There are 2 protein chains.
Amino acid sequence: MTAARGRTRDAIVEAALELFRERGFEGTTMRAVAERAGVSVGNAYYYFSSKDELVQGFYDQLVAEHRALALPELAGRTDLASRLSVTLHAWITAAEPYREFAGRFFAVAAQPGNPLSPFSPEAGPARTASIDLYREVLAGARIDPDPELARELPELLWLQHLGVVLFWVHDRSEGAARTRLLVDRTVPIVARLIRLSRMPVLRPLGRQVVDLVRLLRD
Amino acid sequence: MTAARGRTRDAIVEAALELFRERGFEGTTMRAVAERAGVSVGNAYYYFSSKDELVQGFYDQLVAEHRALALPELAGRTDLASRLSVTLHAWITAAEPYREFAGRFFAVAAQPGNPLSPFSPEAGPARTASIDLYREVLAGARIDPDPELARELPELLWLQHLGVVLFWVHDRSEGAARTRLLVDRTVPIVARLIRLSRMPVLRPLGRQVVDLVRLLRD
DNA sequence: GTAGACTGTTGAACACGTTCAAATGCTCGG
DNA sequence: CCGAGCATTTGAACGTGTTCAACAGTCTAC
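I will try to describe carefully the structure that is included in this document. (Residues numbered from 1 in each chain as written. Chains lettered and ligands numbered in written order. Predicted model: local features only at pLDDT ≥ 70, side-chain atom pairs only at ≥ 80, totals over all residues. Heavy atoms only, no water.)

1. Here we look at helix α4 (residues 56–74) of chain A
Residue and element names in this part refer to chain A.
- An ideal rise of 1.5 Å per residue puts 27 Å on 19 residues; α4 measures up with 27 Å between its terminal C-alpha atoms.
- Taken together, the buried positions of α4 are Q56, F58, Y59, L62, H66, A70 and L74. When α4 is viewed along its axis, its buried side chains cluster within an angular range of 150° and face the same direction. Opposite the packed face of α4, turned more than 90 degrees from it, sit the exposed residues A68 and P72.
- Remark: G76 follows α4 within two positions and exhibits a positive phi of approximately 90°. (Helix = DSSP H or I, 4+ residues; strand = E, 2+ residues; numbered from the N terminus. Expected span 1.5 Å × (residues − 1). Buried < 20%, exposed > 50% of the residue type's maximum accessible area, 1.4 Å probe, protein only. Arc of directions from axis to C-beta.)

2. Quick notes on the nonpolar core
- Ranked by size, the top nonpolar core spans 122 residues in total, and within it W168 of chain A together with W168 of chain B carry the most contacts.
- Apart from the residues within four sequence positions on either side, W168 of chain A is in contact with W91, I92, A95, E96, Y98, R99, A102, F106, A176 and T179 of chain A. (Core = buried A, V, L, I, M, F, W, Y, C linked by side-chain atoms within 4.5 Å. Contact = heavy atoms within 4.5 Å.)

3. Details of the pattern of salt bridges
All names here are of chain A.
- Using the criterion set out here, one finds 22 salt bridges over all chains in the structure.
- Note that D146 and R207 form a salt bridge whose closest N and O atoms lie 3.4 Å from each other. Within this pair, whereas D146 is found in the loop between α7 (124–139) and α8 (147–170), its partner R207 is found in helix α10 (residues 203–217), the two being separated by 61 residues in sequence.
- In this structure D146 comes out as buried when scored by relative accessible area, which is 4%. (Salt bridge = Lys/Arg side-chain N within 4 Å of Asp/Glu carboxyl O.)

4. Quick word on the protein's contact with DNA strand D
- Taken together, 18 residues lie around DNA strand D, and R5, S40 and Y47 of chain A together with Y45 and K51 of chain B are the ones closest in.
- Take the atoms of DNA strand D that sit within 4 Å of the protein: sugar and phosphate atoms are 59% of them.
- The side chain of T8 of chain A places a nitrogen or oxygen atom 3.2 Å from a phosphate oxygen of DNA strand D.
- Elements with a contribution of two residues or more to the surface near DNA strand D: α1 (2–23) and α3 (41–47) of chain A together with α2 (30–37) and α3 (41–47) of chain B.
- When residues in the surface near DNA strand D are grouped by element, the largest group, four residues, is from α3 of chain A. (Near = heavy atom within 4 Å. Polar contact = N/O pair within 3.5 Å; in protein donor to acceptor, adjacent residues only side chain to side chain.)

5. A look at the environment of I92 of chain B
- Turning to its location among the elements, I92 of chain B is positioned in helix α5 (residues 80–95).
- When the C-alpha positions of I92 of chain B and E155 of chain B are compared, they lie 19 Å apart, and in sequence the two are 63 residues distant.

6. Some words on the packing of aromatic side chains
Residues and elements named next belong to chain A.
- This model, assessed by the stated rule, comprises six aromatic pairs over all chains.
- Judged by centre distance (5.3 Å) and plane angle (50°), the rings of F20 and F25 are tilted. The pair F20 / F25 is uniform in exposure class, with both members buried.
- Consider the rings of W91 and W168, whose centres lie 4.9 Å apart with planes at 80°: the pair is edge-to-face. Taken together, the positions of W91 in helix α5 (residues 80–95) and W168 in helix α8 put the pair 77 residues apart, joining distant regions of the chain.
- The class of W91 is buried, set by a relative accessible area of 5%.
- Above the face of the F25 ring, K51 is positioned so that its terminal group lies 4.6 Å from the ring centre. (Phe/Tyr/Trp six-rings, centres within 6.5 Å; stacked < 30°, edge-to-face > 60°. Lys NZ or Arg CZ within 6 Å of the ring centre and 35° of its normal.)

7. Considerations on the packing of helix α8 (residues 147–170) of chain B against helix α9 (residues 177–196) of chain B
Residue and element names in this part refer to chain B.
- Contact pair α8 / α9: the axes reach a minimum separation of 10 Å and the direction vectors enclose 160°. Accordingly, the angle class assigned to the pair α8 and α9 is roughly antiparallel. Of the two elements, α8 crosses α9, and the hand of that crossing is right-handed. On the side of α8, the interface is formed by L153, L157, Q160, V164, F167 and W168, while α9 contributes R178, T179, L182, V183, T186, V187, V190 and I194.
- Split into classes, the residues belonging to the contact of α8 with α9 amount to 10 nonpolar, three polar and one charged. (Axes fitted to C-alpha atoms, helices over the stretch in contact; angles between N-to-C directions. Parallel < 35°, antiparallel > 145°, perpendicular 65-115°, else oblique. Left-handed = near helix turned anticlockwise from the far one by under 90°. Nonpolar A, V, L, I, M, F, W, Y, C, P; charged D, E, K, R; others polar.)

Have a look at this one:
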């Protein structure tokens, strides 16, 4: 019975997200998730092979919220620096409610081989969605970078995004103020580098960076 | 009895490192550590407040081994790119025996607030030692970077080092071949950027980077 | 030398993530 | 309608990291 299957699954995810918000990741026990979802512990494990896997739902949701928040801000802007800026700030805003347990969560995700790692196959859809957003950020900007570099730029901007996330996770400042400052400082550097990428002196550098990204991707 | 205290502590660290090597981090139980060290479980917790904390010993040892391996290679070299290269390759060599459990370990270390985080106060000595090594890497090279930038370069190179470590943790290739490739591709980029840092067009960029590092450091 | 305090040590007990054999419900060919 | 096969569900049980009340050993002050 597929409908029932879906209902049970959804109930478990919903209960988990609620509890994560209420008590954080560590503070949430599988027994509590099962109880709130109205199922047995074993049943939760029938659908999710580990506690870690329960947060994939949160993962997907965050990407969607980020997009929903960023797109309206992007409309009408053509300057790359400002497009990048609103996109990164939108992420910080979208992630805000999860700050407390995000640390633990991202630590889990940082584990190699973990399905929650942003580089894992399982996270492929969420990763692609995120990279695509940066593709749109670039598409709407009046820029004219080195063409070779241009092809890798969405992925490069996504890597910048990951860097911001990494910083955010460690950021304990009120309202993630330091992360916002980091964004404000980083964005002009990146925008300037992209603008300069056509300069003859920097051409070889651009090529090296392109090679590097391709190596990273396999 | 300070001597006994030290002896017990050492026995626990030693047992832990042995077992980590034999069975990995996850495969090592606190009960096994305590048994091999000839103490009770509770006693192990008297000295180390968690299993995670047991790996601080490994941390310190690795930094020392890295230095010991890098210094002889550095002697006689004056080209920055090659000095950077041998230093990073030396780290990969030093870390090789711990590849299997390093993933779990670094995941723990990536957790904000965790004493094992490279940014934590507890890891201060190991961090300083590592940054100092890069200070020496720079000191022995014939380079002439923007002076403002020069002051932040050791820390910047250490950040590059962290990036390599992060990649290495996820690298499953034979003999960490991909990480070595990454180093070979990254080092020329960094060396070129430093060389170019005096160029007028790049001056403002250098300043922005310096500001950024200072922000990161608090 | 002894009382008291402090340091070091013990192992049973706890809460948790996870597993698994067994029970229950569901589907579909006959 | 039956029953065989499959999907779903259960909760007790296991092994783990961690805690804690109790005990033992050592030092200090008198």
